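If you want the building blocks of each chain, they are given just below.
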Amino acid sequence: MDKILEDVRILDFTHVWFGPYCTMMLGELGAEVILVEPPWGNIGRLGPGELFKGTSTSFWSLNQNKKNVALDLKNPEAMKLVKELVKKSDVVIQNFAPGAWERLGLGYDVLKELNPRIIYAALSGFGQTGPYSRYGSYAVVAEAISGHTYATGKGVSPDHPPVTMAGALGDLGPAMYAAFAIVAALRHRDRTGVGQMIDVAQIDTMVAFNCCASVAYDMFKESPIERGLRRPKDPNRVWGIFQVKDGWIQIAGERGKAIENLKQELGVEELSREMVEERIKDKTRMEAFQWLAGLGFPCAPIYEAYEAMWDPHLKARDMWVEVDSPVAGKYTVPNFPVKFSETPGEVESASPAIGMHTREVLKGLLGKSDADLDALEKTGAISQWKG
């Protein structure tokens, strides 16, 4: 079956979470993603995440459906190869510190001279311009400056200090914006033949995600968190985290019909949180979930991430797929999560070993001979996987 992005080639110079998650999504939609990293591996292979077979679990998680070419960008011969690859690519994406790409001689002015149709995505913490643009950033920095860290703490209790969000959403959210922007730029190029530069900053996208809080402040000229804390709370509201026999469940009890169903089930005219707690305390998470969901409540068992791998609903929706790596062996990863009727996304290959496709790509795209590649390897310009 045809893939939506099967005619798109992406040169991927990203590492850690922000960039790799973006390019993995594009690869799962069919783009040919060529991950370029140094012969010793990029820093994402060292963490975050524990090392498994010498490489971090986060790298194994975030680089499905990619080819791997190992090039030393400080070697002039390798730089020649990069420029040749740019001429044959649709997208170049990197998440180096602002200014680093220009110092390598690969700024947008150079790239568009090599290929006027190129789409160049520069990913960073604070963006390519502005007074903070040269400052370093990670997911937690973007979460902090955009108000998410503060709000997460206040979600625990009114006097609670800020709490770091779980899950590196300060990387993964910006990655989705970057992928969306790249596809939009491809659409523009399809119509006009013109490429462009895309500047994606973690802080910009995380501020955009927190739009409801900032707009509410602008309207009332007061913190929406402080306003919310002053509003009277209904102690009988069936909402929040409830403990059960084997853990917890989350209930979002705002549906009037569900409330009426529960009153009838319990034989009461007025409902209290304590009644629900008493009724479900001896149930398992799945028992409580199914009982409440059957009454019409939006709710779910609270899992640690790995437990979702066993959930029957997620299995039925093909959300898990096994991949096979010559280094890591077989392991399970999430499938592409959006369902298309005609052109579905798909996980086809495990995260690659260093230099696993150097020979394939340089021979196939650039016409290099085996002798050429062996000579380049002797100079240190490239590395070829010997597995």
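Details of the structure are given in the entry above.
Residues numbered from 1 in each chain as written. Predicted model: local features only at pLDDT ≥ 70, side-chain atom pairs only at ≥ 80, totals over all residues. Heavy atoms only, no water.

*Asks:* For this particular structure, what's the right way to read the pairing of strand S10 (residues 247-252)?
*Replies:* Taken residue by residue, a regular strand's side chains alternate between the two faces of the sheet. Alignment of strand S9 (residues 239-244) against S10, held across six bridges, turns out to be antiparallel. When the bridges of S10 are listed, Gln243 appears paired with Trp248. The turn linking S9 back onto S10 is made up of two residues. The pairing of S10 with strand S11 (residues 299-301) spans three bridges and is classified as antiparallel. Of the residues in S11, the one forming a bridge with Ile251 is Cys299. (Pairing = 2+ DSSP bridges. Helix = DSSP H or I, 4+ residues; strand = E, 2+ residues; numbered from the N terminus.)

*Asks:* Would you mind going over the sheet that holds strand S7 (residues 119-124) with me for this structure?
*Replies:* Think of a sheet as strands paired side by side through backbone hydrogen bonds, with each pair either parallel or antiparallel. Across the sheet, seven strands lie side by side as S8-S7-S6-S1-S2-S5-S14; this open sheet has mixed pairing. Both edges of this open sheet fall to strand S8 (196-201) and strand S14 (382-383), since each of them pairs with a single strand only. Across four bridges, the pairing between strand S6 (residues 91-94) and S7 is parallel. Within S7, the position partnered with Val92 by the bridge is Tyr120. Against the sheet, helix H16 (residues 358-366) contacts strand S1 (9-13), strand S2 (32-37), strand S5 (66-71) and S14, and its axis sits at roughly 90 degrees relative to S5. (Contact = heavy atoms within 4.5 Å. Axes fitted to C-alpha atoms, helices over the stretch in contact; angles between N-to-C directions.)

*Asks:* I keep staring at the pairing of strand S13 (residues 329-334) and nothing clicks. Help me out?
*Replies:* Across six bridges, strand S12 (residues 320-325) lies against S13 in antiparallel orientation. What sits directly across from Trp320, in S13, is Pro334.

*Asks:* I tried to follow the sheet that holds S10 on my own but got confused; where do I start?
*Replies:* With respect to topology, three strands assemble into an open sheet ordered S9-S10-S11, the strand pairing being antiparallel. Strands at the two margins of the open sheet, each flanked by one partner only, are S9 and S11. Looking at each pair of strands side by side, their axes are set apart by 20 degrees on average, direction ignored.

*Asks:* How should I be thinking about the packing of aromatic side chains in this particular structure?
*Replies:* By convention here, two paired aromatic rings are described through the distance between centres and the angle between planes. Evaluation of the coordinates by the stated rule reveals 11 aromatic pairs. Here the aromatic rings of Tyr177 and Phe209 are separated by 5.4 Å at their centres, their planes lie at 55 degrees, and the arrangement is tilted. Of this pair, Tyr177 sits in helix H8 (residues 169-192) while Phe209 sits in helix H9 (residues 202-209), placing them 32 residues apart in sequence. Aromatic rings pair up to connect Phe13, Phe96 and Trp101 into one cluster. Lying over the aromatic face of Trp239, Arg237 brings its terminal NZ or CZ to 4.3 Å of the ring centre. The aromatic ring of Trp291 is capped on one face by Lys283, whose charged end is 5.3 Å from the ring centroid. (Phe/Tyr/Trp six-rings, centres within 6.5 Å; stacked < 30°, edge-to-face > 60°. Lys NZ or Arg CZ within 6 Å of the ring centre and 35° of its normal.)

*Asks:* How should I be thinking about the side chain of Asp90 in this particular structure?
*Replies:* Assignment of secondary structure puts Asp90 in the loop between helix H3 (76-87) and S6. The exposure class assigned to Asp90 is buried, which follows from its relative accessible area of 13%. A distance of 2.7 Å separates the side chain of Asp90 from the backbone nitrogen of Arg9, its partner in a polar contact. Polar side-chain contacts of Asp90 include one of 2.9 Å to the side chain of Arg189. Discounting residues that sit within four places of it in the chain, Asp90 has contacts with Asp7, Val8, Arg9, Arg117, Ile118, Ile119, Leu186 and Arg189. (Buried < 20%, exposed > 50% of the residue type's maximum accessible area, 1.4 Å probe, protein only. Polar contact = N/O pair within 3.5 Å; in protein donor to acceptor, adjacent residues only side chain to side chain.)

*Asks:* Is there a simple way to explain the pattern of salt bridges in this structure?
*Replies:* If the charged atoms of two oppositely charged side chains come close together, the side chains can form a pair. This structure, assessed with the given rule, holds 22 salt bridges. The residue Lys368 makes a salt bridge to Glu84 at a minimum N-O spacing of 3.5 Å. Taken together, the residues span a long stretch of sequence, with Lys368 in the loop between H16 and helix H17 (370-379) and Glu84 in helix H3 at a distance of 284 residues. A relative accessible area of 22% means that Lys368 is categorised as partly exposed. Judged by relative accessible area, which is 28%, Glu84 ranks as partly exposed. (Salt bridge = Lys/Arg side-chain N within 4 Å of Asp/Glu carboxyl O.)

*Asks:* For this particular structure, what's the right way to read a negative patch on the surface?
*Replies:* On the surface, a cluster of negative charge is made up of Asp2, Glu6, Asp7 and Asp190. Here Asp190 shows up in helix H8. A residue is classified by how much of its surface remains accessible, and Asp190, at 56% relative accessible area, is exposed. (Patch = residues over 30% accessible without salt bridge, like charges linked within 9 Å, V, L, I, M, F, W, Y side chains within 5 Å. Areas by Shrake-Rupley, 256 points an atom, 1.4 Å probe, with all protein chains shown as cover. Lys, Arg positive; Asp, Glu negative; His and termini not counted. Charge placed at Lys NZ, Arg CZ, Asp CG, Glu CD.)

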